[in-house]
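Observations on chain architecture
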Amino acid sequence: MSIEILNESGVELDEKRLAALSRFVLGRMRVHPLAELCIKAVDEPTIAQLNAQWMEKEGPTDVLAFPMDELRPGLVNEDPEEGVLGDLVLCPEVAARQGETAGHGAEAEVELLTVHGILHLLGYDHAEPEEHRVMFGLQDELLAAWRAEAPAQ
């Protein structure tokens, strides 16, 4: 699995842990082992510009997902499709504020946003109540499994 992490945010990130989390999630979602993912961490002005340009929303946001080949989670008895999953753009500054508000800190929030973004790349959404229930339930399940299996910080 090719996972590229580019940190242009000016904020220190544990890039190895982020890559390991991404591999874990993609493996659990049965994404093809040769799939490609790029995660880019940026500052608030950059994510605000991307949010305006692509989402037509004002101000900085926490994560943006840009799917490429519209890959979907693999099914148990089928071979997954090979391709480029897409790009995630994260803003650690926004994540730090949200993590503090939520009471779990910046690193946990970056992990949550990474899982959230990957699910968006895989076609999940949360616009409708049922979609929200499914996506956030899966997000919580993946994070709990990751935290149970990942090496402690």
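Report follows, based on the coordinates. (Residues numbered from 1 in each chain as written. Predicted model: local features only at pLDDT ≥ 70, side-chain atom pairs only at ≥ 80, totals over all residues. Heavy atoms only, no water.)

**Some words on the pairing of strand E4 (residues 84-90)**
Along E4, five of the seven residues are buried, which leaves the element largely enclosed by surrounding structure. When strand E3 (residues 63-67) meets E4, the two strands line up antiparallel, connected through five bridges. Paired with Ala65 across the two strands is Leu88, which belongs to E4. (Buried < 20%, exposed > 50% of the residue type's maximum accessible area, 1.4 Å probe, protein only. Helix = DSSP H or I, 4+ residues; strand = E, 2+ residues; numbered from the N terminus. Pairing = 2+ DSSP bridges.)

**Here we look at the nonpolar core**
Ranked by size, the top nonpolar core spans 35 residues in total, and within it Val25, Met29, Leu37 and Ile118 carry the most contacts. Breaking this core down by element, the ones donating at least two residues are strand E1 (2-7), helix H1 (15-28), strand E2 (36-41), E4, helix H4 (105-121) and helix H5 (129-149). Here this core gets seven residues from one element, more than from any other, and that element is H4. By size, the runner-up hydrophobic cluster in this structure holds eight residues, among which are Leu50, Phe66, Val89 and Cys91. (Core = buried A, V, L, I, M, F, W, Y, C linked by side-chain atoms within 4.5 Å.)

**Observations concerning the packing of H1 against H4**
The contact between H1 and H4 brings their axes to 10 Å, and the two run at 35°. H4 is crossed by H1, and the crossing has right-handed handedness. Of the residues in H4, those in contact with Arg17, Leu18, Leu21, Ser22, Val25 and Leu26 of H1 are Glu107, Val110, Glu111, Thr114, Val115 and Ile118. Of the residues in the contact of H1 with H4, the class split is seven nonpolar, two polar and three charged. (Axes fitted to C-alpha atoms, helices over the stretch in contact; angles between N-to-C directions. Left-handed = near helix turned anticlockwise from the far one by under 90°. Contact = heavy atoms within 4.5 Å. Nonpolar A, V, L, I, M, F, W, Y, C, P; charged D, E, K, R; others polar.)

**Observations concerning the packing of aromatic side chains**
Evaluated as defined, the whole model comprises two aromatic pairs. Residues Trp54 and Phe66 carry aromatic rings whose centres are separated by 6.0 Å and whose planes lie at 75° to one another, so their mutual orientation is edge-to-face. Of this pair, Trp54 sits in helix H2 (residues 44-55) while Phe66 sits in strand E3, and the two are twelve residues apart along the sequence. What makes Phe66 buried here is its relative accessible area of 19%. (Phe/Tyr/Trp six-rings, centres within 6.5 Å; stacked < 30°, edge-to-face > 60°.)

**Topic: the environment of Glu4**
With respect to the helices and strands, the residue Glu4 is situated in strand E1. Among the residues examined, Glu4 registers a relative accessible area of 43% and is labelled partly exposed. Separated by 118 residues in sequence, Glu4 and Leu122 have C-alpha atoms that sit 17 Å apart. In contact with Glu4, not counting residues within four places along its chain, are Leu37, Cys38 and Ile39.

**Digging into the pattern of salt bridges**
Counted under the stated rule, the structure contains seven salt bridges. Of the charged contacts, one joins Lys40 and Glu8 as a salt bridge, the two residues approaching to 3.4 Å between their closest N and O atoms. Of this pair, Lys40 sits in strand E2 while Glu8 sits in the loop between E1 and H1, placing them 32 residues apart in sequence. Taking relative accessible area as the criterion, Lys40 reaches 30% and is therefore assigned partly exposed. The exposure class of Glu8 is partly exposed, given its relative accessible area of 48%. Across the salt bridge formed by Glu149 and Arg28, the nearest N and O atoms sit 2.6 Å from each other. You can see Glu149 sitting in helix H5 and its partner Arg28 sitting in helix H1, a full 121 residues away along the chain. Because the salt bridges share partners, they merge into one network encompassing Arg17, Glu107, Glu111 and Arg147. (Salt bridge = Lys/Arg side-chain N within 4 Å of Asp/Glu carboxyl O.)

Any functional reading would require information that these geometric values do not contain.
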